[in-house]
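What follows is the residue order along each chain.
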Amino acid sequence: MRVALGVEYDGSAFHGWQTQPTGNTVQGAVQAALTRIAGLPIQVVSAGRTDAGVHATNQVVHFDTPVDRPLDAWVRGVNTYLPAAVAVHWAHPVEDSFHARFSACGRRYRYLLINRRQRTGVWHGRVGWYHHPLDVDTMQQAAQRLLGEHDFSAFRAADCQAKSPVKTMRQAEVRRCGEMIVFDFEAGAFLHHMVRNLVGSLVYIGQNKHPPEWMGQLLECRDRRQAAPTFSAAGLYLVGVNYEPHWGLPSRDDVNIPGLTGQQKTGEFD
């Protein structure tokens, strides 16, 4: 039996998603909890490997198991054994041909950035921070140059293992909600550190270090050294993974990030 799960987590205290010899990973915590419920070792496959400090409101994973358990056991039962910062919010049986990573047809990331002179306390570890004033309209103009199919080598980490740097960006938006600046990106797939590198360059543009046209120049030059430094992981969230309807997976809005309510409709900051 193959089961898909929707998982959310605060990545602040973890060394990323993927299991490591040193431990303290989200994947390790999920597998340990599933193993307790199944009574035998369980391995999970995720839709995307988030880095240390990165969060998720709708990570999708799948696992195979020979044991029969009620779906509620894979949710409430598993949550009993998970750390407080990790929770399963749905479980759904899927065909053996389903793959959390390879069946995905799109991924959505959001970056939250506090833009004020003082650092945050309540939001520590959950948002990025930039103390100089930023021109969001200019950043939005630059973001529009990312739409479509491009070679994103200028925004690719040196250790990225993707076969191709060419990706198709379907959404790239920047908007202000009070003191918070919200970046939304959607693509079929992303390169390692791609979103954080995009945010870093957009912040440079927002501070008027470069004009909006600079974003197009970075895409053309394909040189990581010409772009801005990688931005903090703290404000990055995997907010959605898209699958074809025939898989029948539950849908879930990505509006449950603390502090943002009804953003898709109103853009208001709570």
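Up top you'll find the structure we're talking about.
Given the structure is predicted, the values throughout are model-derived calculations rather than measurements.

Draft legend 1. Representation of the nonpolar core in the model. Core analysis: the biggest nonpolar cluster contains 79 residues, and Leu5, Trp74, Phe155, Met169, Phe183, Phe185 and Tyr243 have the highest contact counts within it. If we ignore the near neighbours within four places in the chain, the residues touching Phe155 are His192, His193, Met194, Asn197, Leu198, Ser201, Met215, Leu218, Leu219, Arg224 and Ala227.

Draft legend 2. Region of the structure containing the pairing of strand E8 (residues 166-177). With four bridges connecting them, strand E7 (residues 148-151) and E8 associate as antiparallel partners. Bridge assignment links His150 to a residue of E8, and that residue is Lys167. Bridge count between E8 and strand E9 (residues 180-187): eight bridges; the pairing is antiparallel. Note that in E9 the partner of Arg175 across the bridge is Val182.

Draft legend 3. Quick look at the layout of surface pockets. A volume near 1,200 Å³ is recorded for the largest pocket. Those elements giving two or more residues to the lining of the largest pocket turn out to be strand E2 (44-46), strand E5 (106-115) and helix H4 (194-206). For the lining of the largest pocket, the residue count by class is 17 nonpolar, 13 polar and eight charged.

Draft legend 4. Focus on the packing of aromatic side chains. Taken as a whole, this structure holds 10 aromatic pairs when the rule is applied. Ring geometry for Phe98 and Tyr243: centres 5.2 Å apart, planes at 50°, overall tilted. Here Phe98 is found in the loop between strand E4 (86-94) and E5, whereas its partner Tyr243 is found in the segment after strand E10 (236-242), with 145 residues between them in sequence. Tyr243 matches Phe98 in its accessibility class, with the two residues each being buried. Note on Tyr109 and Phe190: the rings are 5.1 Å apart at their centroids and 80° apart in plane angle, and the pair reads as edge-to-face. Here Tyr109 is found in strand E5, whereas its partner Phe190 is found in the loop between E9 and H4, with 81 residues between them in sequence. Overall, the relative accessible area of 11% leaves Tyr109 in the buried class.

Draft legend 5. Region of interest: H4. Helix length check: H4, at 13 residues, gives a terminal C-alpha distance of 18 Å against a target of 18 Å (1.5 Å per residue), a fit within 8%. With 12 of 13 residues buried, H4 is to be regarded as a mostly interior element. Here H4 has its buried residues at Met194, Val195, Arg196, Asn197, Leu198, Val199, Gly200, Ser201, Leu202, Val203, Ile205 and Gly206.

Draft legend 6. Molecular detail of the environment of Arg107. Mapped onto the elements of the fold, Arg107 is located in strand E5. Sequence separation of Arg107 and Ala172 is 65 residues, and the distance between their C-alpha atoms is 12 Å. The residues contacting Arg107, other than those within four sequence positions of it, are Ala47, Arg101, Phe185, Glu186, Ala187, Gly188, Ala189, Phe190, Gly240, Val241 and Asn242. Side-chain polar atoms of Arg107 contact the backbone oxygen of Gly188, separated by 2.8 Å.

The rules behind each value
- Residues numbered from 1 in each chain as written.
- Predicted model: local features only at pLDDT ≥ 70, side-chain atom pairs only at ≥ 80, totals over all residues.
- Heavy atoms only, no water.
- Core = buried A, V, L, I, M, F, W, Y, C linked by side-chain atoms within 4.5 Å.
- Buried < 20%, exposed > 50% of the residue type's maximum accessible area, 1.4 Å probe, protein only.
- Contact = heavy atoms within 4.5 Å.
- Pairing = 2+ DSSP bridges.
- Helix = DSSP H or I, 4+ residues; strand = E, 2+ residues; numbered from the N terminus.
- 1 Å grid on protein atoms, 1.4 Å probe; cavity = no way out; pocket = protein on both sides within 12 Å on 5 of 7 lines; lining within 4 Å.
- Points joined across faces, edges and corners; volume = space filled by probe spheres on them.
- Nonpolar A, V, L, I, M, F, W, Y, C, P; charged D, E, K, R; others polar.
- Phe/Tyr/Trp six-rings, centres within 6.5 Å; stacked < 30°, edge-to-face > 60°.
- Expected span 1.5 Å × (residues − 1).
- Polar contact = N/O pair within 3.5 Å; in protein donor to acceptor, adjacent residues only side chain to side chain.

That's the geometry; what it means functionally is another story.
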